[in-house]
Amino acid sequence: MGLSMEERRILWEIEQELTRAEPGLAVRLSNLGRPRSSSVLRSRRARAAWMMLVVGIIVLLAYTLFTLHATPRPVNTHMHQAPVQPGMVAAHHTSTRALHVTPVGVQPG
């Protein structure tokens, strides 16, 4: 059941007198029932959101690491060539279509 207009007026006057006499108490009483920021962050929804964020970051990191590990790396053939020794056969290209093999020390001609 709601308050009558007279009761509302009396309650409002009491609030005004309290605000003038004890402003700190009035502020504390007006904040009763309002959720604080710390309690909002500790709510069940906030914990679920944080957990989903952490799991998402872990999954993204794992996916990135596994895909980078599985990607073949280009091999620099100039760095890994074996040294040519006398008597070995060296290959050289005279065109893009034919591959001619010549013994080492013999000039292609």
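Note that this is a predicted model, so its numbers are computed, not measured.

1. Focus: the pattern of salt bridges
Tallying each qualifying case throughout the model produces three salt bridges. Close ionic contact of Arg9 with Glu13 constitutes a salt bridge, the shortest N to O distance being 2.5 Å. In this pair, Arg9 and Glu13 are both assigned in helix α1 (residues 5-21), four residues apart and thus about one turn of the helix distant. A residue is classified by how much of its surface remains accessible, and Glu13, at 39% relative accessible area, is partly exposed. Close ionic contact of Arg20 with Glu17 constitutes a salt bridge, the shortest N to O distance being 3.1 Å. Here Glu17 and Arg20 lie together in helix α1, a separation of three residues that amounts to about one turn.

2. Here we look at the confidence of the model for the chain
Atomic detail in the predicted coordinates should be set aside for any region of low pLDDT. Summary statistics for the chain give a mean pLDDT of 76 and a share of 56% for residues scoring 70 or more. Across the chain, α1 holds the top mean pLDDT of 92, while strand β1 (residues 89-93) sits lowest at 51.

What counts and how
Residues numbered from 1 in each chain as written. Predicted model: local features only at pLDDT ≥ 70, side-chain atom pairs only at ≥ 80, totals over all residues. Heavy atoms only, no water. Salt bridge = Lys/Arg side-chain N within 4 Å of Asp/Glu carboxyl O. Helix = DSSP H or I, 4+ residues; strand = E, 2+ residues; numbered from the N terminus. Buried < 20%, exposed > 50% of the residue type's maximum accessible area, 1.4 Å probe, protein only. pLDDT = per-residue confidence, 0-100.

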